[in-house]
Every structure is written in C-alpha cells, then in structure tokens.
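Residue-level structural notes
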Amino acid sequence: MRRTLLTLLGAIAAFGVLTASYATAELPTEGGASAIVSQAGN
C-alpha cells in the first residue's frame, strides 16, 4: 500500500515537473519556424 502511494505521488510530481517545463519553454516564433523549414529544404 505504501509503495503504491509513493509511486502515485512520484508520478504526479513528474507530471507536474514536465507540465511546468513545457509551460515555461520558449517556443520558436513564426519567423524562426519558417527559417527551420527553409533550412530543411536545402
């Protein structure tokens, strides 16, 4: 029972960390995305 609760708490904590890192990530701007696409085409 204790292992199940610790595993569940660990999963919730990991999900929270991933959510926070995704929320604070700097997403590329419109110009940056088009530059990446043009480089991939070359």
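Residues numbered from 1 in each chain as written. Predicted model: local features only at pLDDT ≥ 70, side-chain atom pairs only at ≥ 80, totals over all residues. Heavy atoms only, no water.

**A closer look at the overall build of the protein chain**
A count of helices and strands for the protein chain gives two helices and zero strands. The buried share of the protein chain, reckoned over its 42 residues, is 0%. Summed over all atoms, the accessible surface of the protein chain reaches about 4000 Å², with 69% contributed by carbon and sulfur. (Helix = DSSP H or I, 4+ residues; strand = E, 2+ residues; numbered from the N terminus. Buried < 20%, exposed > 50% of the residue type's maximum accessible area, 1.4 Å probe, protein only. Areas by Shrake-Rupley, 256 points an atom, 1.4 Å probe, with all protein chains shown as cover.)

**Quick word on helix α1 (residues 2-24)**
A rise of 1.5 Å per residue sets the reference length of α1, with its 23 residues, at 33 Å; its end C-alpha atoms lie 33 Å apart and thus fit the reference within 8%. Counted residue by residue, α1 has zero buried out of 23 residues, so it is predominantly exposed. (Expected span 1.5 Å × (residues − 1).)

**Some words on the environment of Thr 7**
Relative to the helices and strands, Thr 7 resides in helix α1. At a separation of 2.7 Å, a polar atom in the side chain of Thr 7 contacts the main-chain carbonyl oxygen of Arg 3. (Polar contact = N/O pair within 3.5 Å; in protein donor to acceptor, adjacent residues only side chain to side chain.)

**Some points on a nonpolar patch on the surface**
On the surface, Leu 6, Leu 8, Leu 9 and Ile 12 cluster together into a nonpolar patch covering about 420 Å² of accessible area. The exposure class assigned to Ile 12 is exposed, which follows from its relative accessible area of 52%. (Patch = residues over 30% accessible without salt bridge, like charges linked within 9 Å, V, L, I, M, F, W, Y side chains within 5 Å. Salt bridge = Lys/Arg side-chain N within 4 Å of Asp/Glu carboxyl O.)

The values are spatial; any link to function lies outside them.
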